[in-house]
2 protein chains.
Amino acid sequence: MNSAEGQAAQVLVERKYYTFAAPPEEMVLDCGVRLGPITLAYETLGRLNADRSNAVLILHAFSGDSHVAGCLREDDERPGWWDNMVGPGKPVDTDRYFVICSNILGGCSGSTGPSSVNPATGKPYGLGFPMVTIKDMVRAQKHLVDHLGIGTLMSLVGGSVGGMQVLRWCADYPEMVGSAIPLATTTRHSAQAIAFNEVARQAIMADPEWNNGDYYDGSGPAHGLAVARMIGHVTYLSDSAMREKFGRRLHRSTLSFDFTGDFQVESYLHHQGKKFVNRFDANSLLYITKAADYFDLERDGASLLVNETLAGVPFLVVSFTSDWLYPTYQSRNIVSALKKNGSDVSFCEIEAQWGHDAFLLPNKRLDGLISGFLDRVYHERCL
Amino acid sequence: MNSAEGQAAQVLVERKYYTFAAPPEEMVLDCGVRLGPITLAYETLGRLNADRSNAVLILHAFSGDSHVAGCLREDDERPGWWDNMVGPGKPVDTDRYFVICSNILGGCSGSTGPSSVNPATGKPYGLGFPMVTIKDMVRAQKHLVDHLGIGTLMSLVGGSVGGMQVLRWCADYPEMVGSAIPLATTTRHSAQAIAFNEVARQAIMADPEWNNGDYYDGSGPAHGLAVARMIGHVTYLSDSAMREKFGRRLHRSTLSFDFTGDFQVESYLHHQGKKFVNRFDANSLLYITKAADYFDLERDGASLLVNETLAGVPFLVVSFTSDWLYPTYQSRNIVSALKKNGSDVSFCEIEAQWGHDAFLLPNKRLDGLISGFLDRVYHERCL
C-alpha cells in the first residue's frame, strides 16, 4: 500500500462541541453546586440511521478523550485511542453503527473542567471547579445524547472509568440502554484502588508548582504529575506483564551506580510520565481520580444495578486474568447484580497477561466478543 | 500485671557501635569506590555461649534498624521492631540464643550512610555517598561478626530486604552459615518491584527541597519522602488486606467533595507518610531501594545460591499467600536453587491476608515454624 492509499483509507473525524446548562439553567451536581454553562467536546463516526436506533456511545477511561478513532487531520501521526476497535469493518463497525464519544466533564480535552475558564471570574477554575462524580459525568452525557435526538442507545461500551460510566448509565437511565458492554471495571472502587489514586494526588499536591491548583499562568506541577502518571502505569501493567516486557534488562550495557535509572522498566516509566505532562492537566487528574474513588453502586448493601427496567437487556461483561486493578471478582459482582434483573448477561474472563491495559490492546478474543455481541443486538433491534 | 512488674519484664538493650575500614584499609565496594571508616550500629540480646555456637544474626528490612527487640530505656514507649518474635521465651529465644542485629550500611540509624559526615569534607555525604549493594551491606556485617569473634552463625534470619541479605550471606560466606531463614523475599528484584521503587525515588527527587541530596541544613524533602512511603505502604498490604482493614469506610460521616481525603485508607497513608518523615532519611531511601533493585542472584542463568558448601545446611524458606511484592513463586526459586546443593530445605507458604507486611506481624504459624526450626538446629549444633 503506498502512502496515498494509506491516507485514502484514513477515517477523518471532526471534534465538535455542545454547550448547555447556561445560567439560570445550570446543572445541579451531586455535591450540590450548580455548574453552567457546560461544554462537552465530542466526536462521531458513522451515520445515524433513519429511526435513530444504531447509536453506540463509547465512554473513555481516565486519561482518554473524545478522539476514539480515525484521524482529526490527514497528517495526524496517531489515530484515536481505540482505533483498533472502532472503524469501518472493525468490531465497533462504523459502516453500521453511529458511534459517539465525548470527553468527560472534569476532563481537559475540550470539555468543561478545572482548566476551563470560569465565566464568573474570567480565569481558569482551578480548585474553584466543583467536585464532579461519575453520575455527574453521565448526567452531562445525557444532555448530549438528548441533543443528538437519540432516545435509546443501541449500546454503551467502556472500560475502566469508562466502564463505571456504562454502569452509571444503566443505574440512572435504564430506559435509554439498549445493551451495554462494561469492560475491566467495577461496581465500587476498592480500598487499594483508592490508595493508589490518593498517592498519585499527593504526588501532584506535594509539588510546589501545583500552588493549590492555581498554576495556569506558570509551568504547572510537571514533576508531581509525572510521578502520578508513573504510579498509574505500574497499576495498568502486572507483575507478569512487566517481567515479559522488561524483565531486569538494562537500558545501558552496565549498571550506573547512580540514580539516573538503570533498568528498561525505569526508562519506560520516565517516558510515560513525561509524555503525560505534555497532554494532561494535573487538576483534571485530581478531579477524575476522585470521581472514580467516590464511585460506589453498592452503598448500604443494595446494588443500584438492580432495576427491573434492565430485564432482558443484553450485557457483555469482560474482565482480564492479569488485571489486578479491577480483578475478575469485581466483574462477577456486576454479573450477579444484573442477573437479579433477569438481564441477558454474557460474561467472559479473557486470559491476558497485560494487566489492566489489556482492555485497550489489540486482542482477537475481545474483538470477536464485542463484534458478535453488537451484531446480535443490531439484528434484534435495528433490522 | 502492675506497672512495676511490666517494667521489670522489659529486656533492656544497648545500642553499640563498631567502626572499621579506617584509611588506608577502606572497604572496596561493588561500585569500585573505597569507603572508610565505616561504622555499624548494632544491638545484641542474650549471651554468647562458651563455644560461640549460638549466635543468630537478624537482618532488618528496608526501613528497619538495629533495634530488633527489647527497649533502649526503661521508659521506652515502643520495643524493637520484631519484639513479638525475639526475646526471652519467644521463638528467637534470647534465653538460649545470642542475637545480633545491625543497622545496614547506607541506613540512617547509626550506621554509615548518606546522612553521615564525610570525613573528607566535614559535611554529610549526601549524593557523595557511594552506591552500596546488598553484597556491600553483608560485607560490612561480616566485619562485625568477625569482630564479635564468631566463626559460624547458628542461624541468619531476615525478611524482605533482610531476606536478600540472608541469601547474600549464603552466596558469599557459605562456610559461616549454620542455617538460614529467608522470609518473604526473592533471589532477584522483579521489574514490578523495581518500578515501585523507582516511582518512590522519583517522588523524592521531584521535591525541590531534596536539592540533589544536599538538604541536611534545611528541612529536607518531607513531601516527597511522605509520598514515597505511601507508595511503599500500598505494596506492603494487599487488595484483600485493605478491603478487610479499611474497605470504603469514611473517616468522617459524609463525603467531603474536596481533596482533604475522605476514606480511612487515605488517613492511614497520610499517617504512615508523616510518621516516616520524622524517622527516616530520604537519601537512605534512595540508596537502599537501589541496592534492592540491583539485587540479583540469578544473573546469566546461574544461581549464586548453588554452592556445595551449603550441602546439608538447614534452610527454612517462608512465603505468604497475599504477598504480591515478593510472591510465592519467587520463594520457590530460592528453594529450587538450594535443593541443587543438597541443602536441607523446609518450605512453607503461610496462608495470610496481610500482604507483604505478614512477615512482621504476630503469626502463630510463623512463630511455630521459626521456633521449631531453631530448636532443631540448636540441638544439632550447640548441645
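Reading guide: rules and limits
Residues numbered from 1 in each chain as written. Chains lettered and ligands numbered in written order. Predicted model: local features only at pLDDT ≥ 70, side-chain atom pairs only at ≥ 80, totals over all residues. Heavy atoms only, no water. Contact = heavy atoms within 4.5 Å. Buried area = accessible area lost by both parts, 1.4 Å probe. Salt bridge = Lys/Arg side-chain N within 4 Å of Asp/Glu carboxyl O. Polar contact = N/O pair within 3.5 Å; in protein donor to acceptor, adjacent residues only side chain to side chain. Core = buried A, V, L, I, M, F, W, Y, C linked by side-chain atoms within 4.5 Å. Buried < 20%, exposed > 50% of the residue type's maximum accessible area, 1.4 Å probe, protein only. Domains from an automatic or database assignment. Nonpolar A, V, L, I, M, F, W, Y, C, P; charged D, E, K, R; others polar. Least-squares fit on C-alpha atoms with pLDDT ≥ 70 in both. Axes fitted to C-alpha atoms, helices over the stretch in contact; angles between N-to-C directions. Helix = DSSP H or I, 4+ residues; strand = E, 2+ residues; numbered from the N terminus. Parallel < 35°, antiparallel > 145°, perpendicular 65-115°, else oblique. Left-handed = near helix turned anticlockwise from the far one by under 90°. Phe/Tyr/Trp six-rings, centres within 6.5 Å; stacked < 30°, edge-to-face > 60°.

**Looking at the interface of chain B and chain A**
Argument step 1. Between chain B and chain A, the residue contacts involve 55 residues of the former and 55 residues of the latter.
Argument step 2. Here chain B packs against chain A, burying approximately 4600 Å² in sum over the two surfaces, 71% of which is carbon and sulfur.
Argument step 3. Its largest share of buried area at the contact with chain A, chain B owes to Arg 248, Phe 257 and Phe 259 of chain B, together 19% of the area lost on that side.
Argument step 4. Asp 262 of chain A is the partner of Lys 290 of chain B in a salt bridge, and the nearest nitrogen-oxygen pair spans 2.7 Å.
Argument step 5. Taken together, the links from chain B to chain A amount to 26 residue pairs in polar contact (both at pLDDT 80 or more).

**A few points about the nonpolar core**
Argument step 1. Within the largest apolar cluster, 194 residues are counted, with the highest numbers of intra-cluster contacts made by Leu 105, Trp 169 and Leu 285 of chain A together with Leu 105, Trp 169 and Leu 285 of chain B.
Argument step 2. Each residue touching Leu 105 of chain A, except ones within four places of it in the same chain, is listed here: Met 27, Leu 29, Leu 35, Ile 38, Leu 40, Thr 112, Phe 129, Val 132, Asp 136, Met 137 and Ala 140 of chain A.

**Let's talk about the domain arrangement of chain A**
Residue and element names in this part refer to chain A.
Argument step 1. Once the domains are mapped, chain A shows domain 1 (3-190 + 297-381) and domain 2 (194-289).
Argument step 2. Taking only C-alpha atoms into account, the centre of domain 1 sits 26 Å from that of domain 2.
Argument step 3. Domain 1 puts 28 residues into the contact, and the matching count from domain 2 is 29 residues.
Argument step 4. Of the roughly 2400 Å² buried where domain 1 meets domain 2, counting both sides, 64% is carbon and sulfur surface.
Argument step 5. When the buried surface of domain 1 facing domain 2 is broken down by residue, Phe 62, Leu 127 and Trp 324 rank first, second and third, together holding 27% of it.
Argument step 6. Counting across the interface, domain 1 meets domain 2 through 0 salt bridges.
Argument step 7. Counting across the interface, domain 1 meets domain 2 through 11 residue pairs in polar contact (both at pLDDT 80 or more).
Argument step 8. When the residues that make up the side of domain 1 that touches domain 2 are grouped by side-chain class, the tally is 14 nonpolar, 12 polar and 2 charged.

**Section: the relation of the copies chain B and chain A**
Argument step 1. Superposing chain B onto chain A requires a rotation of 180° together with a translation of 0.0 Å along the rotation axis, leaving an RMSD of 0.0 Å. Here the copies are linked by what is in effect a two-fold axis.
Argument step 2. Comparing interface residues between copies, 100% of those in chain B also sit at the interface in chain A, which points to an isologous, same-surface contact.

**As for the packing of helix 4 (residues 191-205) of chain A against helix 5 (residues 222-236) of chain B**
Argument step 1. At a minimum axis distance of 10 Å, the contact between helix 4 of chain A and helix 5 of chain B shows a crossing angle of 170°. One way to sum up the angle between helix 4 of chain A and helix 5 of chain B is to call them roughly antiparallel. Helix-helix and strand crossings are classified by hand; for helix 4 of chain A and helix 5 of chain B the assignment is left-handed. Touching Gln 192, Ala 195, Phe 196, Val 199, Gln 202 and Ala 203 of chain A of helix 4 of chain A are Val 227, Met 230, Ile 231 and Val 234 of chain B, all from helix 5 of chain B.
Argument step 2. Looking at side-chain class alone, the contact of helix 4 of chain A with helix 5 of chain B contains 8 nonpolar, 2 polar and no charged residues.

**Some thoughts on the packing of aromatic side chains**
Argument step 1. Following the criterion strictly, the structure yields 32 aromatic pairs over all chains and no others.
Argument step 2. Aromatic pair Phe 196 of chain A and Phe 196 of chain B: ring centres 6.0 Å apart, planes at 20°, arrangement stacked. Pair noted here: Phe 196 of chain A is in helix 4 and Phe 196 of chain B is in helix 4 (residues 191-205), and the two residues belong to different chains. Neither residue differs from the other here; Phe 196 of chain A and Phe 196 of chain B are each classed as buried.
Argument step 3. Consider the rings of Phe 276 of chain A and Phe 280 of chain A, whose centres lie 4.7 Å apart with planes at 15°: the pair is stacked.
Argument step 4. We classify Phe 276 of chain A as buried; its relative accessible area is 1%.
Argument step 5. Among the aromatic residues, ring-to-ring pairing joins Tyr 125, Phe 129 and Tyr 287 of chain A together with Phe 259 of chain B into one connected group.

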